[in-house]
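These are the residues of each chain, in order.
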Amino acid sequence: MMLQPFEEFRPSYIPRLRKLGRRWLVSQTYHRADQPQYEGQKPRINLLFSDYMELGEARLHLNAVKKDRYAAIVDLEKAEHLAKINAMMSEGSDYHIFFAVVRSAKELENLINRKYREKLKAYIEHQTNWRISHQTAVKPTIQLSFGEIFIILKHGNQQIRIKFEEIEKAEERKGEE
Amino acid sequence: MYALVDCNNFYCSCEKLFNPRLEGRPVIVLSNNDGCAISRTEEAKKLGIAMAAPVFMMRDLIEKHGVIVFSSNYTLYGDLSERVMETLASFVPKMEIYSIDEAFLDLSALGHEDLLSLGFRLRKTVGRNIGIPVSIGIAATKTLAKMANRFAKRFHRDAGVFWAANADLTAEMLARTAISDIWGIGNQHALFLNRSGFRTAADLLRAPEDWIRTHLSVRGLRLLYELRGIPAVEWEEESLPRQNICTSRSFGQRISEKAQMAEALANYAARCAAKLRADGSCCRRVQVFIQTNPHKTEETQYRRSVEIELERATNHSGEIIRAALKGLDLIFKPGFLYMKCGITVMDLVPESVVQAGCFDRADHLRNRRLMRAVDGINRDMGGEFIRAAVQGFERKYRLKTEFLSPRYTTRLDEVLKISI
């Protein structure tokens, strides 16, 4: 099971985003919220929204996820776009929408540090040439880019930036062994 | 993560800043002596004006399309560059100024920052505060950031920002970057790599390390790591100490008289001495060269240089000028039309570790105080307010600057005037 750190997107966010001038949303498929499918259950599509003040930023995000079939730019100032996302958020909809914000980055970092400490250590040991004593803990910093979570690990002057998914998958591989 | 911020068509943008009528028109800025085009607006590029194209070869094009031409105004460009760099420095803890219009920013300390938004904020702030348009490339290494910057200019011109944020975006950028456009690949290496079947940066990334080391040396290997996203190019927050300082210029008109040549050389020597003092160093040797115009093949050519060893390392203007003129006495030959002369001060040592000479009787402490006073007055009063008599005032050899714009930001008498 993947870590799902993002908030659910609620209708009450829309007027607040418009007030803040963050009118552009980029939607993309969001696999972190995928649930196991049971027979007879209607599958729901999980989407992630990222908000932007500038259309240029939104366009660059869209370019980064252009292969995604749900990639789109939503303009919160357009009535038809608003109607569409309201319909997507309504009861019985086929969609479940998440918002690319976390309640507290610090808390998330602490959670990752706690839950994935051994995996992070294993990654550093196998994938880098850093020489770190057993007592030293390398604390991760999280970074979000185009709807994807990255982990930044620092040691002295060196730094690596990896997809969080790689750390999570390493755990799965260990389980398979 | 690193960002490379590059001012778009910098010299032209500086000229356009104070002259809005230039907007949308083809503009070029010429090199020293109004020789070649060294900066072009997009409109000028579309007309086919190539970088470094000599101006005498495109006179018809300039007239036909009304291309607006400027002589280079380095005082203005230097001042605006400083303002851009100051603005950029306020965003990040570490910055490396790479050239007059480019700077690398180290974004590694900005873990939680949304780098895309940061890029847009940087671009907006520089545009609003200084008025110079910039492009920004963000990536895992300096080489990739440089590539991302070029990529932003070519494929995301409206946004002006490109962030190679994940493997897919980096792969796309590498696949669309030609070998010759990679930072660190010169013409000869590009030719060799093309002959060896490499077309894009993505091709180079697939090359075996051994092959790269054999054919492109350890620098090539470093480049390969950079392309893989592993930082291998040193961060240079402070520039390395200089090994030598050279001041040379082509003359605005060719000269044959020794007195004029001595005047030019004395000025260049004084400039070198001032630079030495600003760096806190002294030189042990002075090299002087003079030359005729090598492009005038129908004329007899003459080019000589000579090195003068100083008794004691110095940064005193008078001593360096004296050495330069002694050199000129040795190599000057009458009967030629000279095009260029120059001076290089070499074997630099820190001012604090200068070895005293056995027979040296000069009062160096007094000389140093004198030079400090001269530098102070020149700084306050501008230009070379105090100078050696041999430096003269006439300066007939002065660079050709037929199309020079005012120094809007540094001279009170040249400030932009607006009629209301």
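Values in this document were obtained by computation on a predicted structure and should not be read as measured data. (Residues numbered from 1 in each chain as written. Chains lettered and ligands numbered in written order. Predicted model: local features only at pLDDT ≥ 70, side-chain atom pairs only at ≥ 80, totals over all residues. Heavy atoms only, no water.)

## Here we look at a nonpolar patch on the surface
Residues and elements named next belong to chain B. The grouping of L412, V415, L416, I418 and I420 at the surface amounts to a nonpolar patch, some 640 Å² of accessible area in total. Within the secondary structure layout, L416 lies in the segment after α13 (364-381). For L416, a relative accessible area of 39% corresponds to the partly exposed category. (Patch = residues over 30% accessible without salt bridge, like charges linked within 9 Å, V, L, I, M, F, W, Y side chains within 5 Å. Areas by Shrake-Rupley, 256 points an atom, 1.4 Å probe, with all protein chains shown as cover. Salt bridge = Lys/Arg side-chain N within 4 Å of Asp/Glu carboxyl O. Helix = DSSP H or I, 4+ residues; strand = E, 2+ residues; numbered from the N terminus. Buried < 20%, exposed > 50% of the residue type's maximum accessible area, 1.4 Å probe, protein only.)

## Things to note about the interface of chain A and chain B
Contact with chain A, which involves 23 residues of that partner, is made by 22 residues of chain B. Between chain A and chain B, the buried area comes to about 1800 Å², and carbon and sulfur atoms account for 57% of it. Sorting the residues of chain A by area buried against chain B places E57, L60 and F146 of chain A first, and these three jointly supply 28% of that buried surface. On the surface where chain A and chain B come into contact, there are 2 salt bridges. The partner of K66 of chain A in a salt bridge is E172 of chain B, with the nearest N and O atoms 3.4 Å apart. On inspection of chain A and its partner chain B, the count reaches 5 residue pairs in polar contact (both at pLDDT 80 or more). For the side of chain A that touches chain B, the elements supplying multiple residues, two or more each, are α2 (55-64), α4 (105-115), β6 (141-145), β7 (148-155) and β8 (158-163) of chain A. Looking at the side of chain A that touches chain B, its residues break down into 9 nonpolar, 6 polar and 8 charged. (Contact = heavy atoms within 4.5 Å. Buried area = accessible area lost by both parts, 1.4 Å probe. Polar contact = N/O pair within 3.5 Å; in protein donor to acceptor, adjacent residues only side chain to side chain. Nonpolar A, V, L, I, M, F, W, Y, C, P; charged D, E, K, R; others polar.)

## Some points on the sheet that holds β7 of chain A
Residues and elements named next belong to chain A. Taken in spatial order, the 3 strands of this open sheet run β6-β7-β8, and their pairing is antiparallel. Either end of the sheet is taken by a strand with one partner, and the two such strands are β6 and β8. Each strand axis lies, on average, 30 degrees off the axis of its neighbour in the sheet, ignoring direction. Pairing between β6 and β7: 5 bridges, direction antiparallel. Considered in β7, the bridge of T141 is made with I152. (Pairing = 2+ DSSP bridges. Axes fitted to C-alpha atoms, helices over the stretch in contact; angles between N-to-C directions.)

## Describing the nonpolar core
Residue and element names in this part refer to chain B. With 81 residues, the main nonpolar core has L88, L105, L107, I138, I182 and L204 as its most contacted residues. The residues touching L88, leaving out its near neighbours within four places in the chain, are V5, M95, A103, L105, L122 and V126. Counting 36 residues, the second largest nonpolar core, distinct from the first, contains A269, I308, L328 and Y397. (Core = buried A, V, L, I, M, F, W, Y, C linked by side-chain atoms within 4.5 Å.)

## Some details on the pattern of salt bridges
In total, this model carries 29 salt bridges over all chains according to the counting rule given. For E7 of chain A, the salt bridge goes to R103 of chain A, with nearest N and O atoms at 2.7 Å. Of this pair, E7 of chain A sits in strand β1 (residues 7-8) while R103 of chain A sits in the loop between β5 (95-99) and α4, placing them 96 residues apart in sequence. By relative accessible area, E7 of chain A is classed as buried at 15%. As a salt-bridge pair, R242 of chain B and D279 of chain B come within 2.9 Å of each other at their nearest N and O atoms. Of the two residues, R242 of chain B sits in the loop between α10 (209-228) and β9 (245-255) while D279 of chain B sits in helix α11 (residues 258-279), which places them 37 residues apart along the sequence. For D279 of chain B, a relative accessible area of 40% puts it in the partly exposed group. A network of salt bridges, in which partner residues are shared, links K66 of chain A together with E172 and R176 of chain B.

## Remarks on unusual backbone geometry
All names here are of chain B. The phi dihedral of A52 is positive, around 70 degrees, even though this residue is not glycine. Looking at the element boundaries, A52 is found in the loop between α2 (42-46) and α3 (59-65). Positioned with a positive phi, D347 is a non-glycine residue whose angle comes to about 50 degrees. Tracing the chain through its elements places D347 in the loop between β12 (338-346) and β13 (349-350).

## A word on the environment of C246 of chain B
Residue and element names in this part refer to chain B. Considering the arrangement of structural elements, one finds C246 in strand β9. Exposure remark for C246: the relative accessible area of 42% places this residue in the partly exposed category. Along the chain, C246 and T344 lie 98 residues apart, while their C-alpha atoms are 4.1 Å from each other. Beyond its immediate chain neighbours, meaning those up to four positions away, C246 contacts C272, K275, I343 and T344.

## Here we look at the side chain of E319 of chain B
In this fold, E319 of chain B is placed in helix α12 (residues 317-331). No salt bridge is formed by the buried E319 of chain B; its nearest oppositely charged neighbour, R322 of chain B, is found at 5.6 Å. (Lys, Arg positive; Asp, Glu negative; His and termini not counted.)

## Some remarks on the sheet that holds strand β4 (residues 68-71) of chain B
All names here are of chain B. Sheet architecture is open: 3 strands sit in the order β3-β2-β4, paired in mixed fashion. The open sheet terminates on both sides in strands that have one partner only, identified here as β3 (37-40) and β4. Across this sheet, the average inter-strand angle for adjacent strands is 30 degrees, counted without regard to direction. Bridge count between strand β2 (residues 27-30) and β4: 4 bridges; the pairing is parallel. Note that in β4 the partner of I28 across the bridge is V69.

## Quick notes on the packing of helix α1 (residues 10-17) of chain B against helix α4 (residues 74-89) of chain B
A pair of packed helices is characterised by two quantities: the angle between their axes and the separation of those axes. Residue and element names in this part refer to chain B. Where α1 contacts α4, the axes come no closer than 10 Å and their chain directions differ by 95 degrees. Relative to α4, the element α1 lies roughly perpendicular. Where α1 abuts α4, its residues F10, Y11, C14, E15 and L17 lie against Y74, L76, Y77, L80 and S81. Per-class residue counts for the contact of α1 with α4 are 8 nonpolar, 1 polar and 1 charged. (Parallel < 35°, antiparallel > 145°, perpendicular 65-115°, else oblique.)

Take it as geometry only, folks, not as evidence of what the structure does.
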